[in-house]
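Architecture at a glance
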Amino acid sequence: MSTDAIVLLKEDHKEIRKLFKEFQDAGENATKRKGELVEQILEALTVHTYIENECMYPATRELLPDLEDDVLESYEEHHVADLLCAELAAMSPDDERFDAKVTVLIENVTHHIEEEEDEWFPKVREGLGRRKL
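What comes next concerns the included structure. Note that the structure is a prediction, hence the values are computed from the model and not measured.

Quick notes on the rules
- Residues numbered from 1 in each chain as written.
- Predicted model: local features only at pLDDT ≥ 70, side-chain atom pairs only at ≥ 80, totals over all residues.
- Heavy atoms only, no water.
- Helix = DSSP H or I, 4+ residues; strand = E, 2+ residues; numbered from the N terminus.
- Buried < 20%, exposed > 50% of the residue type's maximum accessible area, 1.4 Å probe, protein only.
- Contact = heavy atoms within 4.5 Å.
- Areas by Shrake-Rupley, 256 points an atom, 1.4 Å probe, with all protein chains shown as cover.
- Lys, Arg positive; Asp, Glu negative; His and termini not counted.
- Charge placed at Lys NZ, Arg CZ, Asp CG, Glu CD.
- Axes fitted to C-alpha atoms, helices over the stretch in contact; angles between N-to-C directions.
- Parallel < 35°, antiparallel > 145°, perpendicular 65-115°, else oblique.
- Left-handed = near helix turned anticlockwise from the far one by under 90°.
- Nonpolar A, V, L, I, M, F, W, Y, C, P; charged D, E, K, R; others polar.

1. Some words on the overall build of the protein
The helix and strand tally for the protein stands at 4 helices and 0 strands. Mapped in sequence order, the helices and strands of the protein form the string α-α-α-α. Within the protein, the proportion of its 133 residues that are buried is 38%. Here the analysis covers contacts within the protein between residues at least 6 apart in sequence; of these, 68% occur between residues at least 24 apart. Roughly 8,100 Å² of accessible area belongs to the protein as shown, and the carbon and sulfur atoms make up 50% of that amount. With 16 positive and 34 negative side-chain charges, the protein shows a spacing of 6 Å between the two charge centroids.

2. Remarks on the environment of L72
Along the polypeptide, L72 turns up in helix α3 (residues 68–89). For L72 and Y57, which are 15 residues apart along the polypeptide, the C-alpha to C-alpha distance reads 8.7 Å.

3. Points about the packing of helix α2 (residues 31–63) against α3
Think of two packed helices as two axes; the pair is described by the angle between the axes and how far apart they sit. Where α2 contacts α3, the axes come no closer than 10 Å and their chain directions differ by 155 degrees. Comparing their axes, α3 and α2 come out roughly antiparallel. Crossing angle aside, the handedness with which α2 passes α3 is left-handed. Contacts from V38, L42, L45, T49, E52, N53, Y57, P58, T60 and R61 in α2 reach E68, V71, L72, S74, Y75, H78, D82, C85, L88 and A89 in α3. Here the contact of α2 with α3 is built from residues that sort into 11 nonpolar, 5 polar and 4 charged.

Listed below in structure tokens is the structure:
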């Protein structure tokens, strides 16, 4: 298994995308399954966000000060996702706004993942190299 931080974060992204797809494919009346999937999504996002906020972002800010704006934007995107996750954790899967809130979470997190993988990670990889990652 790789110890390259970006490779590990991309593996997390892949798992999170898989959970999102399972939720989207679950069907309109799959309330119980959707509730289970949201529990898994919340756990995966909590762990992933912690790793980025406590390890990746601070190290990047220190070692690559030119990426400060990217890091600050990422913190804010995490903040929005955290608020949605907290609201979902307090909701029941049969709440009328549950599916809508999960959809907004999926859209926000997917946007964040795409930005990281397409724009931010390449800059970090170029600036730090595989050894430091």
